[in-house]
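This is what each chain is made of:
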Amino acid sequence: MRASLRLAASLAIVIGTGLTATAASAATNAPATPARGLAGSPGGGDPDTTVTFSVNVGGLTMTAPASADLGSGDPGTTITGTLAGTSGQNVVVTDLRATLGGTWTATASSTDWTTGTGATLSTIPVADATYDPGTITVTGTSNAATEGHIITLSGTPQDVVTATVTGNNTATWDPTIAVAVPDAAVGGAYTATLTQSVA
């Protein structure tokens, strides 16, 4: 503001011989023009601020019972049970990757069922058993509820649930395992290892 006032006074002195006292006074006391661009954004007007944040991402995991008992049955019958039937724990896929249009696939495989050891070892082939995921409950944006697949178990992983997802999501199911016991099966407690995974 001081710079503007000095400029007005200098003009009055230079051409002062041609000014009346009233004109000189008016020139000297003329209001200063406010300086522009000294406050706010460099160019004046409304200032903009760029604001950022980040959304955290996690992993893709599966939990399942450590053990399950399907019950018992006679030779020539089918023994059927669910994994949560005795364990009380479902199979759960938790996807915290927060993807847009992501996918995941759950698979299952198994060993043969065996009882005894050495000369008393008896085996029921893995191919005599099936895996049915049954009802699949989902959270988040996922089509897993309609993408369950009944399979005949084998030693090679096979798809049992597939999903296309957006954002965080979960899928929960309690698979039914059905074992067709051969007519010639030897009595005993049979054990196999069922492996489930997600990727």
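Worth saying up front: this structure is predicted, and the values here are computed from it rather than measured.

**Remarks on the overall build of the protein**
If you tally the helices and strands in the protein, you get 3 helices and 12 strands. Counting across all 199 residues of the protein, residues that qualify as buried make up 24%. A separation threshold of at least 6 residues defines the contact pool for the protein, and within that pool the share at least 24 residues apart is 74%. Per element, the accessible surface of the protein, about 12300 Å² overall, is 56% carbon and sulfur.

**Points about the nonpolar core**
Counting residues in each nonpolar core, the largest one holds 27 residues, and the members touching the most others are Trp104, Trp113, Tyr131, Leu153, Val161 and Trp173. Among the elements of the structure, β3 (91-95), β4 (102-110), β7 (129-132), β10 (158-173) and β11 (176-180) are those that each provide at least two residues to this core. At 6 residues, β10 tops the list of elements feeding residues into this core. The residues touching Trp113, leaving out its near neighbours within four places in the chain, are Ser122, Thr123, Ile124, Val126, Ala129, Leu153, Ile177, Val179, Tyr190, Thr191 and Ala192.

**Examining the environment of Leu121**
With respect to the helices, strands and loops of the structure, Leu121 is situated in the loop between β5 (113-115) and β6 (122-124). Separated by 65 residues in the primary sequence, Leu121 and Val186 have C-alpha atoms spaced 9.2 Å apart. Discounting residues that sit within four places of it in the chain, Leu121 has contacts with Thr114, Thr115 and Gly116.

**With respect to the sheet that holds β7**
Think of a sheet as strands paired side by side through backbone hydrogen bonds, with each pair either parallel or antiparallel. Judged by pairing direction, the sheet is antiparallel, and its 4 strands sit side by side in the order β2-β11-β7-β9 without closing on themselves. Only two strands of the sheet have a single partner each, and these edge strands are β2 (78-82) and β9 (151-152). As judged from the 5 bridges shared by β2 and β11, these two strands associate in the antiparallel manner. Across the sheet, the residue bridging to Thr80 is Ala178, located in β11.

**Focus on unusual backbone geometry**
Trans is the common state for peptide bonds, and a negative phi is the common state for residues other than glycine. Here Ala98, not a glycine, exhibits a phi torsion of approximately 55 degrees, which is positive. The topology assignment puts Ala98 in the loop between β3 and β4.

**A word on the confidence of the model for the protein**
On average, residues of the protein carry a pLDDT of 85, and 78% of them reach 70 or more. Below a pLDDT of 50 lies the segment residues 1-28, which in the model reaches 9 contacts outside its immediate sequence neighbourhood of four places, other chains included.

**Considering the pattern of salt bridges**
Counted according to the given criterion, the structure contains 1 salt bridge. With its nearest N and O atoms 2.8 Å apart, the salt bridge here joins Arg97 to Asp95. On the basis of relative accessibility, which here comes to 0%, the residue Asp95 falls in the buried class.

**Re the side chain of Ser109**
By secondary structure assignment, the location of Ser109 is in strand β4. The class of Ser109 is buried, set by a relative accessible area of 9%. Beyond its immediate chain neighbours, meaning those up to four positions away, Ser109 contacts Leu153, Ser154, Gly155, Thr156, Pro157, Thr193, Leu194 and Thr195.

**Comments concerning the environment of Thr170**
In this structure, Thr170 sits in strand β10. Looking at Thr170, the relative accessible area reads 21%, which means it is partly exposed. Separated by 109 residues in the primary sequence, Thr170 and Thr61 have C-alpha atoms spaced 9.7 Å apart. In contact with Thr170, not counting residues within four places along its chain, are Val93, Thr94, Thr137, Val138 and Thr139.

Rules used in this analysis
Residues numbered from 1 in each chain as written. Predicted model: local features only at pLDDT ≥ 70, side-chain atom pairs only at ≥ 80, totals over all residues. Heavy atoms only, no water. Helix = DSSP H or I, 4+ residues; strand = E, 2+ residues; numbered from the N terminus. Buried < 20%, exposed > 50% of the residue type's maximum accessible area, 1.4 Å probe, protein only. Contact = heavy atoms within 4.5 Å. Areas by Shrake-Rupley, 256 points an atom, 1.4 Å probe, with all protein chains shown as cover. Core = buried A, V, L, I, M, F, W, Y, C linked by side-chain atoms within 4.5 Å. Pairing = 2+ DSSP bridges. pLDDT = per-residue confidence, 0-100. Salt bridge = Lys/Arg side-chain N within 4 Å of Asp/Glu carboxyl O.

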